[in-house]
Amino acid sequence: MYKLAVFGNPIKHSLSPDIHAQFAQQTGLTVNYSKILAPIDAFSNTVNQFINEGANGFNITVPFKLDAYNFATELTLNAKTASAVNTIKVDGNRLIGENTDGIGLVNDLIKNLKITLKDKVILILGAGGATQGVLLPLLKENPKRIMIANRTASKAEKLKQDFSDYGNTCGFGLDKIKDDPVDIIINATSASLDGKMPNIANGCANGAICYDLMYGKQTPFMDWAKENNAAMIVDGLGMLVEQAACSFEFWTGSKPDTQSVIEKIKALDAQ
Ligand code: ATR
C-alpha cells in the first residue's frame with residue numbers, strides 16, 4: 001500500500017485525492033491518498049508525523065512549496081531551478097524533493113493540446129513562484145524565445161538572468177509588452193485571484209494560444225483573451241492532472257493515463 005497525501009493551507013478544496021484515486025484504480029495499485037491541513041507555522045512537525053506513520057511520499061501546495069524545498073534532503077534539477085518543491089518521495093532517511101508543475105504544464109500543452117513549443121515565441125505574465133516553477137521544462141522544449149513580463153520589472157529581469165543558461169529568455173515590465181501577436185501567452189500572475197487582468201497591450205493575444213495556470217473558473221485573463229481574438233483559450237486543469245501523474249510516477253514507477261482522468265475531473269469540478 002502506498003501511503004500518500006497533500007499538505008496545504010487551505011486544503012479543503014484540493015482535487016488531488018480524487019485524481020490519485022483514479023490513477024490507483026487504473027494502475028491496480030493500492031493507494032491511500034489523504035489531504036492534510038498543516039498549520040501555517042507547523043509544516044515540518046505535521047509532515048514529520050506523517051512520515052513517522054510510514055508515508056511513501058506526499059505533495060505540497062500553497063503556501064508550503066518553499067518550506068518543502070528546505071525540508072527535502074536532496075533536490076532534483078527541476079526543484080532546484082524552481083526553488084520550490086511540490087512532491088517529496090520518502091526513501092528511508094532520504095527525502096527527495098521534486099517539482100512536477102512545469103512538466104505538468106508542458107505535458108498538457110504538448111500531449112493533450114497538441115501544441116508544439118519548438119521555435120515558438122512564448123510570453124509569460126508574472127515572475128513569481130509559478131513562473132519560476134515552469135521555466136526550465138518550457139525552455140527544454142526549445143522555444144524561439146520566452147519573454148517574461150511582470151508588474152515589477154526587476155523580478156522579470158532577475159529570472160531572465162537566472163535562466164539564461166537554459167535558453168533564450170528576456171525580462172521586462174508589463175508596460176513594455178508590444179502590441180504584436182505572439183504564439184503562446186501563459187498567465188502565471190496571481191491577479192485572477194483578485195478578479196483582475198493586468199492592463200497590457202491587447203494585440204499580443206491576436207491569434208495566440210492563451211493558457212491560464214489557474215483552473216476551475218473563467219478567469220479575467222480568459223475573458224481578455226476572448227475579447228482579443230485568441231485562437232485557443234485554456235485553463236490549468238490539464239496541468240493539474242498532468243503534474244499529479246508525474247508525482248504518481250515519481251512515487252510508484254507507474255505512469256497513469258491522464259486523458260480519461262482530465263475528463264472525469266472536469267465533470268467533477270463543474271458540479
Ligand atoms: P505565485 O507563487 O502564484 O507565482 P507569487 O510568487 O506571489 O505567487 O507571484 C505573484 C505574481 O503575480 C507576481 O509576478 C506578481 O507581480 P509582482 O511581482 O509585481 O508582485 C503578479 N501579480 C499579482 N497581482 C497582480 C496584479 N494585480 N497585476 C499584475 N501582476 C500581479
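Residues numbered from 1 in each chain as written. Predicted model: local features only at pLDDT ≥ 70, side-chain atom pairs only at ≥ 80, totals over all residues. Heavy atoms only, no water.

A short note on the site of the ligand
As a structural note, the neighbourhood of the ligand is formed by 14 residues, with A130, N150, R151, T152 and K155 the closest of them. Within the side chain of N150, a nitrogen or oxygen atom sits 2.7 Å from an oxygen atom of the ligand. Contact between the ligand and R151: an oxygen atom at 2.9 Å from a side-chain N or O atom of the residue. For the ligand, the protein covers 71% of the area, taking 640 Å² as the surface of the free molecule. (Near = heavy atom within 4 Å. Polar contact = N/O pair within 3.5 Å; in protein donor to acceptor, adjacent residues only side chain to side chain. Areas by Shrake-Rupley, 256 points an atom, 1.4 Å probe, with all protein chains shown as cover.)

Points about the environment of V62
Position of V62 relative to the elements: it lies in the loop between β3 (57-60) and α3 (65-71). Between the C-alpha atom of V62 and that of N86, which follows or precedes it by 24 residues, the distance is 9.1 Å. Every residue in contact with V62, bar those within four places of it in the chain, is listed here: G8, N9 and P10. (Helix = DSSP H or I, 4+ residues; strand = E, 2+ residues; numbered from the N terminus. Contact = heavy atoms within 4.5 Å.)

Overview of the pattern of salt bridges
Under the definition given, this model contains 9 salt bridges. Here D119 and K118 are joined by a salt bridge, their closest N and O atoms 3.5 Å apart. Residue D175 is joined to K176 by a salt bridge in which the shortest nitrogen-to-oxygen separation is 3.7 Å. For the residue pair D175 and K176, the accessibility class agrees, reading exposed in each case. Taken together, the salt bridges that share partners define one network made up of E74, D91 and R94. (Salt bridge = Lys/Arg side-chain N within 4 Å of Asp/Glu carboxyl O. Buried < 20%, exposed > 50% of the residue type's maximum accessible area, 1.4 Å probe, protein only.)

Points about the sheet that holds strand β4 (residues 74-75)
Ordered by their spatial adjacency, 6 strands build an open sheet running β2-β1-β3-β5-β6-β4, and the pairing between neighbours is mixed. The open sheet is flanked by β2 (31-37) and β4, the only strands paired with a single partner. Direction of pairing for β3 relative to strand β5 (residues 87-91): antiparallel, over a ladder of 3 bridges. By the bridge assignment for β5, G57 is matched with K89. (Pairing = 2+ DSSP bridges.)

Description of the domain arrangement of the protein
Split into domains, the protein comes out as domain 1 (2-99 + 239-270) and domain 2 (102-235). Look at where the C-alpha atoms of domain 1 and domain 2 centre, and you get two points 25 Å apart. Contacts between the two partners involve 17 residues from domain 1, matched on the other side by 19 residues from domain 2. In total, domain 1 and domain 2 occlude about 1,400 Å² of area from one another, counting both sides; carbon and sulfur atoms represent 55% of this. Sorting the residues of domain 1 by area buried against domain 2 places T81, M239 and E242 first, and these three jointly supply 40% of that buried surface. The tally of links from domain 1 across to domain 2 stands at 1 salt bridge. Across the pair E242 and K111 runs a salt bridge whose closest N-O atoms are separated by 3.2 Å. Scanning the region where domain 1 abuts domain 2 turns up 7 residue pairs in polar contact (both at pLDDT 80 or more). For the side of domain 1 that touches domain 2, the secondary structure elements donating two or more residues are α4 (77-82), α9 (237-252) and α10 (259-270). With 5 residues, α9 is the largest single contributor of residues to the side of domain 1 that touches domain 2. (Domains from an automatic or database assignment. Buried area = accessible area lost by both parts, 1.4 Å probe.)

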